[in-house]
Amino acid sequence: MSKTLIRGAKVLGGEPQDVLIDGGTIAEVGGGLSAEGAEVVEADGKVLLPGLVDLHTHLREPGREDSETVLTGTRAAASGGFTTVFAMANTFPVADTAGVVEQVWRLGKEHGYCDVQPIGAVTVGLDGRKLAELGAMHESAAGVTVFSDDGKCVHDAVIMRRALEYVKAFGGVVAQHAQEPRLTEGAEMNEGIVSAELGLGGWPAVAEESIIARDVLLADHVGSRVHICHLSTAGSVEIVRWAKSRGIAVTAEVTPHHLLLTDELVRTYNPVYKVNPPLRTERDVMALREALADGTIDIVATDHAPHPHEDKDCEWAAAAMGMVGLETALSVVQETMVDTGLLDWAGVADRMSVKPAQIGQARGHGRPVSAGEPANLTLVDTAYRGLVEPAGFASRSRNTPYEGRELPGRVTHTWLRGKATLVDGKLT
Amino acid sequence: MQRHLISAADLTRDDAVLILDTAEEMARVADRPIKKLPTLRGRTIVNLFFEDSTRTRISFEAAEKRLSADVINFTAKGSSVSKGESLKDTAQTLEAMGVDAVVIRHGASGAPYRLANSGWIDAAVVNAGDGTHQHPTQALLDAFTMRRRLVGPDAGLGQDLEGKRITLVGDVLHSRVARSNVDLLHTLGAEVTLVAPPTLLPVGIETWPCEVSYDLDSTLPKSDAVMMLRVQRERMNAAFFPTEREYSRRYGLDGDRMARMPGHAIVMHPGPMVRGMEITAEVADSDRCTVVEQVANGVSIRMAVLYLLLGGNEPAVTHPRTEEK
Ligand SMILES: [Zn+2]
């Protein structure tokens, strides 16, 4: 296999260095490396990061291939600098058996744009009543390590307890979509001043916080670890902070859009802002940024949720919830965390690659950029500023809230085990 | 005036007073032997009702016909909101037919706003009630009724409701009428108090331009008008209050309570009334209750709104007032 020399890249934002890829591995990192026999990529001071890992992606295949497929979703991932995505289980059929998770895993392998790690459902059909075959999914070729009913909350306390206990047998983790169902009946947006004014059903913060509080206590009680999906409120941050201070094995994620957008945007009634959990207030946004900076929130996860145009080009009540995120994630994190001085690029690498790979046990990913490591890498032009143009998205769906918005940063190159999947912003 | 009427909050004080004054002129048409003006001849207005409301539809239809508009009634009953394309598809059909105005009633908050702002259609959009959001013509007819009763019909011309104390009682949380009224009455200078059990008040209400009270009895003596809001019986199942009897005892309006109001004060209700629970027959049938007037005033207000949105600068009533003599 060929060699590639990345010349003058700021590894994790540090001083410019050369990185030599040989085959699937990083051969050397240092100053003035020989380009002999290697294809040269002039990095010109761009930032080199370990390939990004997304613990929360909806690929929609099988069942909703009109929204996204494993192929289009992984191409979107490569465009955004990701080398691994964890595919959520709320497909049709639900990924609650070894057969479905293996199908998704194989499609990822065949297409080769990034590794696909299927997430298994916690309960059969995501109905919250009966545990799915967690062990069989773990033992399948897909080797499932993360289980989630995402899209729905595992709201029965006994089922949640059993799931937490059961996955201990093989080191799995349960990722909870925290949403108390009774408190969110008819909910359409964050409950607060804006929802009252717009007459849209309120989605109270406590519906998320009460489940998180319960689940960290359950995890503590049974001595298991729990991962909380897409934190959206300041109160959720406080609970996770408290749990960590008590030594409870909890990890948590935040989406890029919850780091940037607020419920004020819903005043447009534009369903592009309709998302689960809902956009919250400025105060929540600031708390989430701080928590990501200080490590209370461990990782950024996109919750990439593609929907076809017609599911969003309608009135608010009829619109589907969710937004695409793979191709804009790094830009939003740069805008909200790096350009604000809250996080440096080493911190971004930690929150978007190292930690998510650890939580999901994605071997070979989230590794240091150093000799002998797998060449899963992302090159970012951090000086770039430009308008988001969804027409150019690789995702099959275009439901982005950032259309026409200026965001910093652009992923120019992505390598998966030494093979370029993205070159000069173009998919290979 | 703006091109659409989506929310009472969009109206300035001058807009609102202009509508009320125009409605006074329109009201005179109703007293004529031939209750018709040529003002909107040749214009097409569609009443697009995704949610049942015979009262509101008939009121708009009467207003449109009195202005000589061509009227199309489109009842999309049963076309489910979950089938998202329906509103857009319908809008584009109407656009192709060259409709001048769409009066829309929809169960989903924000549907009229989307209709007006998504480029689906070019027509003027009038919100005839959307979800729990707004019902601006209802607020206007309520304000019109208050101005006539509390300020005086012709004496009211050009005037607002400065200093009038208005109390709204009941299910504020689910009421588009309450939202619209708070916005409009505040704009018109009135002091608004909302009275309800805490379960029926929305989160964030402390930012609204009004007072809030849980106690009806202490509010009544300070009220120039008391508007009872409709309480839907199904709310009881969702535990918003313990029993109908308890609700009625704490927040219902009966003769004893009405006696605590100042002598000039009026009782209003957007209808239809649930007699017994929110208002007793004694109160509903008293001459202080304006429910019937509100219905009549609704037609005048809707004529005024449609005329101002579509009629441009032509005088609304082409024949001078002297004709009435
Ligand atoms: Zn979720």
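As annotated in an unreviewed UniProt entry, chain B is Aspartate carbamoyltransferase from Streptomyces tuirus. What UniProt records for chain B under Sequence similarities (unreviewed entry) is the sentence "Belongs to the aspartate/ornithine carbamoyltransferase superfamily. ATCase family." According to the UniProt record, the Subunit (unreviewed entry) comment for chain B is "Heterododecamer (2C3:3R2) of six catalytic PyrB chains organized as two trimers (C3), and six regulatory PyrI chains organized as three dimers (R2)."

The name an unreviewed UniProt entry assigns to chain A is Dihydroorotase, from the organism Streptomyces tuirus. A UniProt comment under Function (unreviewed entry) is attached to chain A, and it reads "Catalyzes the reversible cyclization of carbamoyl aspartate to dihydroorotate."

Caption draft 1: Expanded view of the overall build of chain A. Helices and strands together make up the secondary structure of chain A, namely 11 helices and 19 strands. Scaling as 2.2 N^0.38, a compact globule of 428 residues should have a C-alpha radius of gyration of about 22 Å, and chain A matches this with 20 Å. Each principal axis of the C-alpha atoms in chain A carries an extent, and together these give about 65 × 45 × 45 Å. Burial analysis of chain A (428 residues in total) assigns 62% to the buried set. Taking the contacts inside chain A whose residues are at least 6 apart along the sequence as the reference set, 74% of them involve residues at least 24 apart. When the accessible surface of chain A is totalled, it reaches about 14900 Å², and 49% of it is carbon and sulfur. Taking the average place of the 39 positive charges on the side chains of chain A and the average place of its 58 negative ones, the gap between the two points comes to 3 Å.

Caption draft 2: Highlighting the UniProt feature "binding site: carbamoyl phosphate" (unreviewed entry) in chain B. Residues and elements named next belong to chain B. UniProt's feature table lists "binding site: carbamoyl phosphate" (unreviewed entry) at R55, T56, R105, H135, Q138, G271 and P272, given in the numbering used throughout. Mapped onto the fold, T56 is located in helix 2 (residues 54-66). The exposure class assigned to T56 is buried, which follows from its relative accessible area of 9%. Once residues lying within four places of it in the same chain are set aside, the contact partners of T56 are F49, R105, A128, H135 and R302.

Caption draft 3: Geometry of the domain arrangement of chain B. All names here are of chain B. Segmenting chain B into domains produces domain 1 (4-135 + 295-311) and domain 2 (136-290). Taking only C-alpha atoms, the centre of domain 1 and the centre of domain 2 are 25 Å apart. Each partner contributes residues to the interface: domain 1 has 36 residues there, and domain 2 has 31 residues. Both sides of the domain 1 and domain 2 interface together cover about 2700 Å² of buried area, and 58% of this is carbon and sulfur. Interface area lost by domain 1 to domain 2 is led by L20, E24 and H135, which between them contribute 25%.

Caption draft 4: Here's a closer look at the coordination of the zinc ion. All names here are of chain A. All of the protein donors around the zinc ion are D150 (OD), H177 (ND1) and H230 (NE2); their distances to the metal are 1.9 to 2.2 Å. We note that the donor set of the zinc ion lies within a single chain, spaced as D-x26-H-x52-H. Of the two residues, D150 is situated in the loop between strand 9 (146-147) and helix 4 (157-166) and H230 in the loop between strand 13 (226-228) and helix 7 (234-245); the sequence distance between them amounts to 80 residues. Relative accessible area serves as the criterion here: at 3%, D150 is assigned to the buried category.

Caption draft 5: Broad picture of the interface of chain B and chain A. Contacts between chain B and chain A engage 20 residues on the former and 21 residues on the latter. For the pair chain B and chain A, the summed buried area comes to about 1600 Å², and 56% of that belongs to carbon and sulfur atoms. The interface formed by chain B and chain A contains two salt bridges. Between K88(B) and D313(A) there is a salt bridge, and its shortest N-O distance comes to 2.4 Å.

Caption draft 6: Looking closely at the UniProt feature "domain: Dihydroorotase catalytic" (unreviewed entry) in chain A. As recorded in UniProt, the feature "domain: Dihydroorotase catalytic" (unreviewed entry) lies at residues 45-233 of chain A. Taken as a whole, residues 45-233 of chain A contains 34% helix and 17% strand, while its terminal C-alpha atoms sit 36 Å from one another.

Caption draft 7: Broad picture of the packing of aromatic side chains. All names here are of chain A. According to the stated counting rule, one finds five aromatic pairs over all chains in the structure shown. The interplanar angle of 65° and the centroid separation of 6.0 Å between the aromatic rings of F147 and F170 together place this pair among those described as edge-to-face. Remark: F170 occurs in the loop between helix 4 and strand 10 (173-176) and F147 occurs in strand 9; sequence separation between them is 23 residues. Neither residue differs from the other here; F147 and F170 are each classed as buried. With centroids separated by 6.4 Å and ring planes inclined at 80°, the aromatic side chains of Y166 and F170 adopt a geometry described as edge-to-face. The exposure class assigned to Y166 is partly exposed, which follows from its relative accessible area of 46%. Looking at R410, its charged tip hangs above the ring of Y384, at a distance of 5.1 Å from the centre.

Caption draft 8: How the structure looks around the UniProt feature "binding site: L-aspartate" (unreviewed entry) in chain B. Residues and elements named next belong to chain B. Mapped onto the present numbering, the UniProt feature "binding site: L-aspartate" (unreviewed entry) falls on K83, R176 and R230. Structurally, the position occupied by R176 is in helix 6 (residues 176-187). Judged by relative accessible area, which is 12%, R176 ranks as buried. Excluding residues within four positions of it along the chain, R176 makes contact with E51, R105, H106, G129, D130, G131, T132, H133, Q134 and H135. Polar side-chain contacts of R176 include one of 3.0 Å to the backbone oxygen of G131.

Definitions and cut-offs
For every chain, the first residue of its written sequence is number 1, and the numbers climb from 1 along that sequence. Throughout, the order in which chains and ligands are written sets their labels, letters from A for the former and numbers from 1 for the latter. At least 70 in pLDDT is required for a residue's local features to be given in this predicted model, at least 80 for side-chain atom pairs to be given and counted, and no such filter applies to totals for whole chains, interfaces and linings, which use all residues. To get the side-chain values, take all heavy atoms of the structure and skip hydrogens and water. UniProt positions are given in the numbering used here, feature names are shortened, and annotations may be inferred rather than shown by experiment. Runs of H or I in DSSP of at least four residues are treated as helices and runs of E of at least two as strands, each being numbered from the N terminus. As defined in this context, the radius of gyration uses C-alpha atoms, and a globule is described by 2.2 Å times the residue total to the power 0.38. To sort residues, take the accessible area from a 1.4 Å probe on protein chains only and compare it with the maximum for the residue type: under 20% means buried, over 50% means exposed, and anything in between is partly exposed. The contact rule is simple, with two residues in contact once any of their heavy atoms fall within 4.5 Å. Here the Shrake-Rupley method, with its probe set to 1.4 Å, supplies the accessible areas, and only the displayed protein chains count as covering residues. Asp and Glu count as negative and Lys and Arg as positive, but His and the ends of the chain are not part of the count. Charge placement uses NZ in Lys and CZ in Arg. For Asp and Glu, CG and CD serve respectively. Domains are outlined according to an automatic or database domain assignment. Once two parts are brought into contact, the accessible area they lose, counted with a 1.4 Å probe and summed over both, makes up the buried area. Listed donor atoms are N, O and S within 2.8 Å of the metal (Na, K and Ca: 3.2 Å). As water is not included, a site may look incomplete. For this document, the term salt bridge refers to a Lys or Arg side-chain nitrogen within 4 Å of an Asp or Glu carboxyl oxygen. Stacked, edge-to-face and tilted are the three classes for Phe, Tyr and Trp ring pairs, Trp counted by its six-membered ring, which pair at centre distances within 6.5 Å; planes under 30 degrees apart are stacked, over 60 edge-to-face, the rest tilted. Our definition puts a charge over a ring when NZ of Lys or CZ of Arg is within 6 Å of the ring centre and also within 35 degrees of the ring normal. Under this definition, polar contacts are N or O atom pairs within 3.5 Å; protein pairs additionally need one hydrogen-donor-capable and one acceptor-capable atom, and for neighbouring residues in sequence, both atoms have to be side-chain atoms.

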